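# Secondary and tertiary structure notes
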Amino acid sequence: MDLQTSINGIFDNILEREQIFVNKEVLRHSYTPLELPHRKIEIHKLAFILAPALKNETPSNILIYGKSGTGKTIVSKFICKELEKTGKKKKKPIQTIYLNCEITDTKYRVLANLAKHFKKEIPFTGWPTDKVYASFLKAVDNKKRSIVILLDEIDKLVQKDEGDILYNLTRINDDLKKARISIIGISNNLKFTDYLDARVQSSLGGEDIVFSPYNAQQLEDILKQRSEIAFQQGVVGEFVIPLCAALAARDHGDARKALDLLRVSGELAEREGSDKITEEHVRKANDKIESDTVLEASRTLPTQSKLVLYTIICLDERGGRTITTGEVYDTYKKLCKYARIDSLTQRRVSDLILELDMLGILSSKVVSKGRYGRTKEIKLDINQVQTKILLSNALKTRNISNFKLPQRKLH
DNA sequence: AATCCACAGGAAGCCCGGGAAC
DNA sequence: GTTCCCGGGCTTCCTGTGGATT
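Criteria and thresholds
Residues numbered from 1 in each chain as written. Chains lettered and ligands numbered in written order. Predicted model: local features only at pLDDT ≥ 70, side-chain atom pairs only at ≥ 80, totals over all residues. Heavy atoms only, no water. Near = heavy atom within 4 Å. Polar contact = N/O pair within 3.5 Å; in protein donor to acceptor, adjacent residues only side chain to side chain. Helix = DSSP H or I, 4+ residues; strand = E, 2+ residues; numbered from the N terminus. Nonpolar A, V, L, I, M, F, W, Y, C, P; charged D, E, K, R; others polar. Pairing = 2+ DSSP bridges. Buried < 20%, exposed > 50% of the residue type's maximum accessible area, 1.4 Å probe, protein only. Contact = heavy atoms within 4.5 Å. Axes fitted to C-alpha atoms, helices over the stretch in contact; angles between N-to-C directions.

## A short note on the protein's contact with DNA strand B
Taken together, 18 residues sit near DNA strand B, with T125, W127, T325, R371 and G373 positioned nearest. Considering DNA strand B, the proportion of its atoms within 4 Å of the protein that are sugar or phosphate atoms stands at 67%. Within the contact set of DNA strand B, a phosphate oxygen lies 3.5 Å away from a side-chain nitrogen or oxygen of S350. G373 has a polar backbone atom sitting 2.8 Å from a base oxygen of DNA strand B. Counting only elements with at least two residues in the surface near DNA strand B, the list comes to α16 (325–339), α17 (346–358) and β8 (374–380). Taken together, the residues of the surface near DNA strand B break down into 4 nonpolar, 9 polar and 5 charged.

Structural data, given as structure tokens:
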């Protein structure tokens, strides 16, 4: 009976306890606030460059640089929205398209995705790329209009050697009779133009805008602005926002990180049933975010990468010398044999280690040991105990937790 | 100064699954 | 069905290299 009554009101109880947040969505990165603090100059510059679109002229292509969490995406999206709005008011058809090149990461997909915005369905794969291009061209050019294409994380395309799509896109106006296309490229990498074709470089980089990282004070302003909408009055402790700002500023002024910190701190406080967010919550949130991202990354790793990571953790536990590629490969091969899984070549494993590095799970550094060759020195950046348990669970059909490291060879 | 280790990491090409077109 | 494309994972083969040792 007692149990019944307490369960009956379970959601009421939870809702009653929600004394921290008013609107949590405000703290997510996808949320666009009405005002973007400390980005006035950039907004004006962008607007100035894009304004010709409203006078039936083609705006210059633009390149936007800046590290992650400096507001590049949000500012560009904001401006595009405004541009469309004004275009509608003035009866000038302007369409803006947002594409993230980390997801849409090949020329085929970029073109297919663009074509989709003009009601042209193109299969995931199958067509020759030039056919997709032609089909996109036809769909766009069926009436007079201005189009602004926002290519986020454009450096990913170049990295994957798909940069020639940029050449096509920057020259597309030559093939168009009615429509006009401008491109805004957004890049995290300041030096990515170095890898571009000189012709693309000149036409894409007509205008450059650099977003510098926020400093701690600016981050504080951003957090203050959002926290006023996000939280109940008086729940945010005095030093909470400065601490979030300081922690994020240390991480190259990443506003996303600052917002995450604040949100997770709030969630932790809420879960504890506390009615105030304290600095302690922020510290806990900082740890939680770090371990969550790493664990999540490890969980979604393909089997072979899991095996490689497991090998490295085992070697690291044994301690002693620094870990090198050759050592990892030897042990990995034994582990594979033990688990009855086909092993990959050293070349491939070397790439897998690099991938783990890029995920922030480990850091590897190429060092030369003189007579004893050149190799990568590998250092783990994660909570090994948790990750090891997670990995052996994920691979439990192979029973790898019983795997014993072979005796260390004497050098 | 020459040698040589133990790899790094580029290039090319294979194989496979997914899909379209004929 | 066959034949064509695309992309991703992988192998094979390869050339390159920093610096301790000879």
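Okay, back to it.
## Comments concerning the protein's contact with DNA strand C
The immediate surroundings of DNA strand C are formed by 19 residues, with T345, R348, S368, G370 and R374 found nearest. Among atoms of DNA strand C positioned within 4 Å of the protein, sugar and phosphate together represent 74%. In the model, a phosphate oxygen of DNA strand C is placed 2.8 Å from a nitrogen or oxygen of the R348 side chain. Within the contact set of DNA strand C, a base oxygen lies 3.1 Å away from a side-chain nitrogen or oxygen of R374. Elements that contribute at least two residues to the surface near DNA strand C include exactly α5 (107–116) and α17.

## Quick notes on the sheet that holds β8
Read from one edge to the other, the open sheet built from 3 strands follows the order β6-β8-β7, with strand pairing classed as antiparallel. Both edges of this open sheet fall to β6 (323–324) and β7 (362–368), since each of them pairs with a single strand only. Pairing of β6 with β8 involves 2 bridges; the strand directions are antiparallel. Within β8, the position partnered with T324 by the bridge is E377.

## Section: the side chain of H281
Note that H281 resides in helix α14 (residues 279–299). Using a relative accessible area of 4% as the deciding quantity, one classes H281 as buried. With near-sequence residues (within four places) excluded, H281 lies in contact with S265, L268, A269, E272, S274 and K276.

## Side note on the sheet that holds strand β2 (residues 94–100)
With parallel pairing, 5 strands are arranged side by side in an open sheet as β2-β3-β4-β1-β5. Edge positions in the open sheet fall to β2 and β5 (207–211), since each of these has one partner strand only. Each strand axis lies, on average, 15 degrees off the axis of its neighbour in the sheet, ignoring direction. Sheet contacts for helix α3 (residues 40–50): β1 (62–66), β3 (146–152), β4 (180–187) and β5; angle to β5, the most-contacted strand, approximately 160 degrees.

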